[in-house]
Amino acid sequence: MIRFSDVSKRYPGGQEALSNVNFHLLPGEMAFLTGHSGAGKSTLLKLVTLIERSSRGQVIINGQNLSKLPRRRIPYHRRNIGIIFQDHQLLFDRTVFDNVALPLVIAGVPSNEIARRVRAALDKVSLLNKEKSYPITLSGGEQQRVGIARAVVNKPPLLLADEPTGNLDPDLSWEIMQIFEQFSQVGVTVLVATHDLDLIKRMSNRRLVLEQGRLIQGGEA
Amino acid sequence: MFRRNKPLPRREAISGRQHGLSMAVKTYLLRHAQVLVSSLGQLSRTPVATFMTAAVIGIALALPTGLHVLLDNAQQLSGGWQGATQISLFLKTDTTDFQARTLANRLRKLGEVEDVHYISRQQALNEFKALSGFGDALKALQDNPLPAVLVIQPNNKARSPASTSLLLAKLKAYPEVDIAQLDMQWIKRLYAIMAIVRQGVVILAALLGLAVLLVVGNTIRLAIQSRRAEIVVIKLIGGTDAFIRRPFLYSGVWYGLLGGIIAVIAITVALLIISGPVGQLAALYQSPFKLSYLGLGSIVNLLMASTLLGLLGSWLAVGKHLREIEPT
Ligand SMILES: Nc1ncnc2c1ncn2[C@@H]1O[C@H](COP(=O)(O)OP(=O)(O)OP(=O)(O)O)[C@@H](O)[C@H]1O
Ligand SMILES: [Mg+2]
C-alpha cells in the first residue's frame, strides 16, 4: 500500500530530512512512526500526501509512483488518503456535519448519499449527537474525533495521522488509537506519527523509528 | 463560500450513454448554479463591504457611460441646429423675376429641401436701405447692385454636414445660381470637438475599466487571503483548483453585476437631476429638445460589460494568488 524505495528528502537550503528510507506497508496494516523531534516524521507523511516531493528515490502509493504524478492529479490522489492533523484543521464557520461532509462535497457525491455517509462516520466516532454543533463548542478530544470522521468519511484505503493525540489525555489518546485499530481491521492501512511512547508500548503494532532522517527500525534493506 | 452543494448522481451511475452525457452537463450546470447562488449568499453576509466595493465599481463605470449619454444628447441637439441651417443662393443679376420664381418652385420639389424663400432684387434693396442706413448712397447708383436671393431650408434628409455639402454642390450647379453659401464652419468645428471628446471618453472608459479590474482583483485577493486556512484544508482533502476557484470567480461576477446596476441607477438619477434645468433652458430657446436617458440596449450592454469585467478581475486575482497557497 505504501512503499518507500531509497527515498531521500532535502529541503531547499537545508540538510537531508530523510535519507535512504526503505519500507513497505501492506493493505490493512497499522504502524507507528516515531523518533525524536526533527527526525523527519512529518516530512515522511508529507511525501505520501504530496505536500512535498522526494528529492531522490520512489514513493509508491497503491501502485502509483508519486514522482510521475502531475500536479493536476494531486487532488485525486489525496482523495484516497484520510489525513488527521494534530491541530484538527477544522473549519470553524461550519457545523460538524458540514466539516465532515466536505470531502464528499468535493468529490461530487449526491446529497442524500452525503447525509447517510456523514452520519455513519460520526457514529463511528460517537459524535452523532453533535452534528449541528460548531467545532468551537467541542472539547479537544471531540474536535479530534470530528477530524477523524472527516478523514474516513469517503472510505479512503489509507489513513495518515500526524501527532493525533498530541494534546489529549491518556484515556482519550487510547480511545483514538482504538478507533484507528478498528479501521485497520476492516482493511484500511494506517500510519500514525507520534511521540507518545507510553501509548505505543501498550499496543502491539509495527513501529518505524526514524533518527535524523534514517529509518533505524521497522524498515527493510 | 465552499458551501454544501446538492450534486446530482455522477455520470458513472447512469447507464445510457446519451442520457449520461446530458446528465453530466446538467450536473455541471446545476453545480455552477449552486455556487453562483451560494457566493451571492456569502456576499450578502457582509452587506456593507459588498456594497462599498460594488459602489466603487459603479461609480467608475458611471463616469464614462454618463459622459457617453451626454454626448449622445449633445449630438441630438446639434442635429436640431443643423436643421436650422440655411443655404443662401445668390442668383446672377441677369436672372429675371420670372426665372427666379420658376427656379424657386423647382427647388421646392427637391427631396432634400423643406422650403424655399424668395427675396427679389427689389426686396433685397429695400431691406438693405432700411437696415444699413446707406440708402442715400445707393440712390447715386443707377442700377440695383444686389442680386436676388433664394433662401433654402434643408429638410431632415440633408442634416449631416456631409449631405448638406452635397446639397450645396447640387444647388451651385443650376445655371441661374451665382454663389451658393452656407456657413457651417461652426457646426464642423462642433463635430470635431465632439469627436475629440468622444475619443476622450473612450480613453476614460478604458482607464476606468482597468480600475474596475484592479478593484475586483484586489477585493478577491483579500477574500482569498482571509480564507487561506480554509483553502489549505480543502487542498489537503482533495479539492481541485477548479473547485476552489469557482466561488471566487462567481463573487467577481456578482461584484461586476452589482456595480453595473449601481452605475445604471447613478446615471439615471444624475440625468433626472439635470433634466429640470435642461428643460428650462430648452424652453428659453423654444426648442423641443428632451434629454434622452439610457436605452434598454445600453443598459444591457453596460451590465454585460461590468459582469465581464468582474469575472476577468477575479480570474486574474485567482490565477495569481490561489497558486501561492499550498499546504506546508
Ligand atoms: N519546510 C521546511 N524547510 C526546511 N527545512 C524543513 C522544513 N520542514 C522541516 N524541515 C527540517 O526537516 C527536518 C525534519 O522535520 P520534520 O518536521 O519532518 O520533523 P518531525 O520528526 O516531524 O519533528 P516533530 O516531532 O518536532 O514534529 C528538521 O530538521 C526540520 O528543521
Ligand atoms: Mg512533525
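Residues numbered from 1 in each chain as written. Chains lettered and ligands numbered in written order. Predicted model: local features only at pLDDT ≥ 70, side-chain atom pairs only at ≥ 80, totals over all residues. Heavy atoms only, no water.

Let's talk about the overall build of chain B
Part 1: A tally of regular secondary structure across chain B gives ten helices and four strands.
Part 2: Going from N to C terminus, chain B has its helices and strands arranged as α-α-β-α-β-α-α-β-α-β-α-α-α-α.
Part 3: When burial is assessed residue by residue, chain B has 40% of its 328 residues classed as buried.
Part 4: Look at the contacts in chain B between residues 6 or more apart in sequence, and 81% of them connect residues 24 or more apart.
Part 5: With the model as given, the accessible surface of chain B reaches about 18500 Å², and the carbon-plus-sulfur share is 65%. (Helix = DSSP H or I, 4+ residues; strand = E, 2+ residues; numbered from the N terminus. Buried < 20%, exposed > 50% of the residue type's maximum accessible area, 1.4 Å probe, protein only. Contact = heavy atoms within 4.5 Å. Areas by Shrake-Rupley, 256 points an atom, 1.4 Å probe, with all protein chains shown as cover.)

So, the site of ligand 1
All names here are of chain A.
Part 1: The environment of ligand 1 is made up of Tyr11, Ala17, His36, Ser37, Gly38, Ala39, Gly40, Lys41, Ser42, Thr43, Glu163 and His195.
Part 2: One of the backbone N or O atoms of Gly38 is found 2.8 Å from an oxygen atom in ligand 1.
Part 3: One of the side-chain nitrogen or oxygen atoms of Thr43 is found 2.5 Å away from an oxygen atom of ligand 1.
Part 4: Considering ligand 1 on its own, with 640 Å² of exposed area, one finds that the protein chains cover 59% of that surface.
Part 5: Counted by class, the shell around ligand 1 contains three nonpolar, seven polar and two charged residues. (Near = heavy atom within 4 Å. Polar contact = N/O pair within 3.5 Å; in protein donor to acceptor, adjacent residues only side chain to side chain. Nonpolar A, V, L, I, M, F, W, Y, C, P; charged D, E, K, R; others polar.)

As for the domain arrangement of chain B
Part 1: Assigned domains within chain B: domain 1 (34-80 + 189-321) and domain 2 (86-182).
Part 2: In this structure, domain 1 of chain B and domain 2 of chain B have C-alpha centres spaced 54 Å apart. (Domains from an automatic or database assignment.)

Here's the deal with the sheet that holds strand 9 (residues 206-211) of chain A
Residues and elements named next belong to chain A.
Part 1: Within the open sheet, the six strands sit side by side as 6-7-8-3-9-10. Their pairing is mixed. Taken across any chain shown, the strands that pair with only one partner, and hence form the sheet edges, are strand 6 (81-84) and strand 10 (214-217). Between one strand and the next, the sheet's axes are offset by a mean angle of 20°, whatever the strand orientation.
Part 2: Pairing analysis gives five bridges linking strand 3 (residues 30-35) to strand 9, with the strands arranged parallel. Bridge pairing in strand 9 places Leu33 opposite Leu208.
Part 3: Against the sheet, helix 5 (residues 140-152) engages strand 6 and strand 7 (158-162), with an angle of about 170° to strand 6.
Part 4: Helix 6 (residues 170-185) rests against strand 3, strand 6, strand 7 and strand 8 (189-193) of the sheet, and its axis sits at about 135° to strand 3. (Pairing = 2+ DSSP bridges. Axes fitted to C-alpha atoms, helices over the stretch in contact; angles between N-to-C directions.)

Observations concerning a nonpolar patch on the surface
Residue and element names in this part refer to chain B.
Part 1: Residues Leu67, Leu70, Ile261, Ile265, Val269, Ile273 and Ile274 make up a contiguous nonpolar surface patch of roughly 570 Å² in combined accessible area.
Part 2: Broken down by element, the residue count for the nonpolar patch peaks at five residues, all from helix 9 (residues 241-284).
Part 3: Along the chain, Ile265 turns up in helix 9. (Patch = residues over 30% accessible without salt bridge, like charges linked within 9 Å, V, L, I, M, F, W, Y side chains within 5 Å. Salt bridge = Lys/Arg side-chain N within 4 Å of Asp/Glu carboxyl O.)

Here's the deal with the interface of chain B and chain A
Part 1: Facing the 26 residues of chain B at the interface are 26 residues of chain A.
Part 2: Where chain B abuts chain A, roughly 2400 Å² becomes buried across the two surfaces, and 59% of that area is made up of carbon and sulfur atoms.
Part 3: Scanning the region where chain B abuts chain A turns up three salt bridges.
Part 4: The set of elements that each furnish at least two residues to the side of chain B that touches chain A consists of helix 8 (228-236) and helix 9 of chain B.
Part 5: Looking at which element gives the most residues to the side of chain B that touches chain A, the answer is helix 8 of chain B, with five residues.
Part 6: Residue composition of the side of chain B that touches chain A, grouped by class: ten nonpolar, five polar and eleven charged. (Buried area = accessible area lost by both parts, 1.4 Å probe.)

Thoughts on the side chain of B:Ser314
Residue and element names in this part refer to chain B.
Part 1: Here Ser314 is to be found in helix 10 (residues 296-321).
Part 2: Taking the relative accessible area as the measure of exposure, Ser314 reaches 0% and is therefore buried.
Part 3: At 2.9 Å, the side chain of Ser314 forms a polar contact with the backbone oxygen of Leu311.
Part 4: Ignoring anything within four residues of it in the chain, the contact list for Ser314 reads Val216, Ile220, Phe248, Leu249 and Gly252.

Points about the side chain of A:Thr165
Part 1: In this fold, A:Thr165 is placed in the loop between strand 7 and helix 6.
Part 2: Excluding residues within four positions of it along the chain, A:Thr165 makes contact with A:Ser173, A:Ile176, A:Met177, A:Thr194, A:Asp196 and A:Leu199.

Focus on the nonpolar core
Within soluble globular proteins, side chains that are nonpolar tend to cluster in buried spots.
Part 1: In this structure, A:Phe4, A:Leu44, A:Phe180 and A:Leu191 are the most contacted members of the largest nonpolar core, which totals 113 residues.
Part 2: The residues touching A:Phe180, leaving out its near neighbours within four places in the chain, are A:Met30, A:Ile84, A:Ile148, A:Leu159, A:Ala161, A:Pro164, A:Val190 and A:Val192.
Part 3: Membership of the second largest hydrophobic core comes to 21 residues, among which are B:Ile87, B:Leu107, B:Ile152 and B:Leu182. (Core = buried A, V, L, I, M, F, W, Y, C linked by side-chain atoms within 4.5 Å.)

Section: the pattern of salt bridges
Part 1: Per the stated rule, a full pass over the model turns up 20 salt bridges over all chains.
Part 2: As a salt-bridge pair, B:Arg101 and B:Asp97 come within 3.3 Å of each other at their nearest N and O atoms. Here B:Asp97 and B:Arg101 lie together in helix 3 (residues 97-108), a separation of four residues that amounts to about one turn.
Part 3: Judged by its relative accessible area of 38%, B:Asp97 is partly exposed.
Part 4: Linked through salt bridges whose partners overlap, the residues forming this network are A:Arg71, B:Lys235, B:Asp241 and B:Glu326.

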